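Here are the chains, one letter per residue:
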Amino acid sequence: MLPQTIAEKILSKHAGKPVYAGELCVVPVDGAMATDTTAPLAIQAFREMGGERLANPDRFHLIIDHAAPAPNERIANLHRMMRSFAAETGCHFYDIGSGICHQVMVDHHRVKPGDIFMGADSHTPTYGALNALACGVGSTDLAAVMLTGKIWLKVPSSIRVNLHGHRLQPGVSAKDIVLEVVKQLTISGATYQSVEYHGELLHHLSLSDRMVLCNMVAEMGAKTGIVSPEGLQLPYNFEPVFADKEAVYTRVLDIDTASLHPRLAIPHSPDDVHDVAAYAGIPVTYGFIGTCTNGRLNDLQSAAAILKNKKIPTGVRLVIAPASRQVLLDAMQDGTLQILIEAGASIINSGCGPCVGTHDGVPGDGEVVISAANRNFQGRMGNPRSEIYLASPATVAASVLHGKITLPTQSE
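What counts, and where the lines are drawn
- Residues numbered from 1 in each chain as written.
- Predicted model: local features only at pLDDT ≥ 70, side-chain atom pairs only at ≥ 80, totals over all residues.
- Heavy atoms only, no water.
- Helix = DSSP H or I, 4+ residues; strand = E, 2+ residues; numbered from the N terminus.
- Rg over C-alpha atoms; globule rule 2.2 N^0.38 Å.
- Buried < 20%, exposed > 50% of the residue type's maximum accessible area, 1.4 Å probe, protein only.
- Contact = heavy atoms within 4.5 Å.
- Areas by Shrake-Rupley, 256 points an atom, 1.4 Å probe, with all protein chains shown as cover.
- Arc of directions from axis to C-beta.
- Phe/Tyr/Trp six-rings, centres within 6.5 Å; stacked < 30°, edge-to-face > 60°.
- Core = buried A, V, L, I, M, F, W, Y, C linked by side-chain atoms within 4.5 Å.
- Pairing = 2+ DSSP bridges.
- Axes fitted to C-alpha atoms, helices over the stretch in contact; angles between N-to-C directions.
- Disulfide = S-S within 2.5 Å.
- Parallel < 35°, antiparallel > 145°, perpendicular 65-115°, else oblique.
- Left-handed = near helix turned anticlockwise from the far one by under 90°.
- Nonpolar A, V, L, I, M, F, W, Y, C, P; charged D, E, K, R; others polar.
- Salt bridge = Lys/Arg side-chain N within 4 Å of Asp/Glu carboxyl O.

1. Quick look at the overall build of the protein
Right, so step 1: The number of helices and strands found in the protein is 13 helices and 18 strands.
Right, so step 2: For the protein, whose C-alpha radius of gyration is 20 Å, the value lies close to the compact-globule estimate of 22 Å for 412 residues.
Right, so step 3: Across its three principal directions, the C-alpha atoms of the protein cover 60 × 55 × 40 Å.
Right, so step 4: Within the span of the protein, comprising 412 residues, buried residues form 58% of the whole.
Right, so step 5: In the protein, once contacts between residues fewer than 6 apart in sequence are set aside, the share between residues at least 24 apart is 76%.
Right, so step 6: Accessible area for the protein stands at about 15,600 Å²; split by element, carbon and sulfur atoms hold 51% of it.

Structure (structure tokens):
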């Protein structure tokens, strides 16, 4: 058998035969999910296909997170449809406040190493942090998974990203690493490929860090992203999937993480990335920390470390959306939430809200936003007349503290 990448190995195991980049295969799916933006269409397509029962109710998940609570009557009725469908079919259902779909799936151990997981959301590759193969699909494709428990895929070719180094500089995080990768690959440079992470730094990265790296492969056009399991720690036993040493890659990126500085994506593209220092001093009025990229406990803690015993100035606001109910509870328990609230931050419901511009924090005309989210395309947060900079939670916190773009190491 020829050497294989991680994606090829996972797909081969599920296909029951060796498969390689470019081949088509039909594989069973270990899990699938849809949110309130995609589930209504998936349910409709499922019905049109003659669906009455889910192929695997225990492997299907519905989550209300994008517009939660419902901001209007129309969306409230879509939520009602989802609740009814879940009750009827016996699938897993997560109502408002449960959190963002990708964090909820990880919190509840719905994805495990070696799994194939399909989600009707573009950031589903986040689960590659768990050494799984996860892809975002359309609502109709998901309906077919709901009906059959299987999906057809073209085996993706792979790009290898080597993260060299055993440490990061002060103020540098996984968000800065992935922004650098997006810069090098561009927003279409990994189209329908698997971005595979390797290197010494993996031994020093948490699961949360790995989720950041895989989350933003969507901003490279990738089909999936997978972190090699070196250093992966989980609260259960698992069988890791490693790439073969002679596996073939379409491209190899080598990143010296020890020399990386805090990074910033400027309006209006996630791949227009520069050093934060180059844009230091630009006034900001709105900071946002949350989303499936950077709304986890360690993200909130990094912001709290900067804002402790300080006050966000008048005319500047910080909105924080914890990634899940569990993250919110953990941040309450360890005092992180109190620090952030005392500094002047507004804590909103665990969900996607401001990131997609549905509600809970749409910026005004001409406002400059610094966000820990994953996208800054024009109009992304609901207003095409605002400007969005992307950065790490630490950079966001330092910037709102000073009312201007600021290096996280200069937050005093």
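Right, picking up where we left off after that structure.
2. Concerning helix α5 (residues 139-148)
Right, so step 1: Three or more residues of α5 are buried, namely S139, L142, A143, V145 and M146. The buried residues of α5 occupy an angular sector of 160° when projected down its axis, which confines them to one face.
Right, so step 2: Here the buried face of α5 lies against β2 (31-35), α2 (39-48), β3 (60-63), α3 (73-89), β5 (116-119) and β7 (150-154).
Right, so step 3: Looking one or two residues past α5, G149 carries a phi angle of roughly 80°, positive in sign.

3. Digging into the packing of aromatic side chains
Right, so step 1: Per the counting criterion, the structure on display carries three aromatic pairs.
Right, so step 2: Measuring from ring centre to ring centre gives 6.4 Å for Y279 and Y389, while their planes differ by 55°; the resulting arrangement is tilted. With Y279 in the loop between β13 (273-275) and β14 (286-289) and Y389 in strand β18 (residues 387-390), this pair connects stretches of sequence that are 110 residues apart.
Right, so step 3: Under the relative-accessibility criterion, Y389 is labelled buried at 6%.

4. What about the nonpolar core?
Right, so step 1: Among the nonpolar cores identified, the biggest contains 55 residues, and M105, Y127, L264, L307, L318, L340 and I370 are the most heavily contacted of them.
Right, so step 2: Secondary structure elements with two or more residues in this core: α4 (101-107), α9 (297-307), β15 (317-320), α10 (325-333), α11 (336-343), β17 (368-371) and α13 (393-402).
Right, so step 3: If we ignore the near neighbours within four places in the chain, the residues touching L307 are I312, L318, I339, L340, A343, A397 and L401.
Right, so step 4: Counting 42 residues, the second largest nonpolar core, distinct from the first, contains V19, V29, I64 and A86.

5. Re the sheet that holds β5
Right, so step 1: Strand order in the open sheet made by the five strands is β4-β3-β2-β5-β6, with parallel pairing throughout. Two strands bound the open sheet, and with one partner strand each, they are β4 (92-94) and β6 (133-136). The mean angle between the axes of side-by-side strands here comes to 15°, regardless of whether they run parallel or antiparallel.
Right, so step 2: Examined bridge by bridge, β3 and β4 share three bridges and lie parallel to one another. When the bridges of β4 are listed, I63 appears paired with Y94.
Right, so step 3: With respect to the sheet, α5 is in contact with β2, β3 and β5, its orientation differing from that of β2 by roughly 135°.

6. Concerning unusual backbone geometry
Right, so step 1: Along the chain, A68 connects to P69 via a cis peptide bond; the corresponding omega equals -5°.
Right, so step 2: For P69, the location among the structural elements is in the loop between β3 and α3.
Right, so step 3: Positive phi values are uncommon outside glycine, yet T291 reaches one of about 75°.
Right, so step 4: You can see T291 is positioned in helix α8 (residues 291-294).

7. Structural notes on the state of the cysteines
Right, so step 1: Per the stated rule, a full pass over the model turns up zero disulfides.
Right, so step 2: Left unpaired, C101 is separated from the closest cysteine sulfur, that of C352, by 5.8 Å.
Right, so step 3: What makes C352 buried here is its relative accessible area of 8%.

8. Some words on the packing of α9 against α13
Right, so step 1: Following both chains from N to C, one finds α9 and α13 inclined at 30°, their axes separated by 8 Å at the closest point. Between α9 and α13, the interaxial angle falls into the category roughly parallel. For α9 against α13, the interelement crossing comes out right-handed. Contacts from D299, S302, A303, I306 and L307 of α9 reach α13 at P393, A394, A397, A398 and L401.
Right, so step 2: Of the residues belonging to the contact of α9 with α13, the class tally is eight nonpolar, one polar and one charged.

9. Re the pairing of strand β1 (residues 24-28)
Moving residue by residue along a regular strand, the side chains alternate between the two faces of the sheet.
Right, so step 1: Burial of the side chains of β1 is restricted to one face: C25 and V27 are buried, whereas none of L24, V26 and P28 on the reverse face is.
Right, so step 2: In this structure, β1 lies alongside β7, joined through five bridges in antiparallel fashion. For V27, the partnering residue across the bridge sits in β7 and is I151.

10. Comments concerning the environment of V217
Right, so step 1: Among the structural elements, V217 can be located in the loop between α7 (207-215) and β10 (224-227).
Right, so step 2: The class for V217 is buried, based on a relative accessible area of 0%.
Right, so step 3: Along the primary structure V217 and T314 are separated by 97 residues, whereas in three dimensions their C-alpha atoms are 36 Å apart.
Right, so step 4: Those residues in contact with V217 that lie beyond four places of it in its chain are P125, V195, Y197, A222, T224 and G225.

11. Details of the pattern of salt bridges
Right, so step 1: One pass over the full model with this rule turns up eight salt bridges.
Right, so step 2: Note that E219 is salt-bridged to R375, the shortest N-O span being 2.5 Å. Linking E219 in the loop between α7 and β10 with R375 in the loop between β17 and β18, this pair joins segments that are 156 residues apart in sequence. With respect to burial, E219 and R375 carry one shared label: buried.
Right, so step 3: R317 is paired through a salt bridge with E367; the nearest N and O atoms lie 2.7 Å apart. A residue pair is termed long-range when its members are at least 10 positions apart, and R317 in strand β15 and E367 in the loop between α12 (353-356) and β17 qualify at 50 residues.
Right, so step 4: Residue classification places R317 among the partly exposed residues on the basis of a relative accessible area of 33%.
Right, so step 5: Each of the salt bridges in this network shares a partner with another, and the network as a whole consists of E180, R263 and D275.

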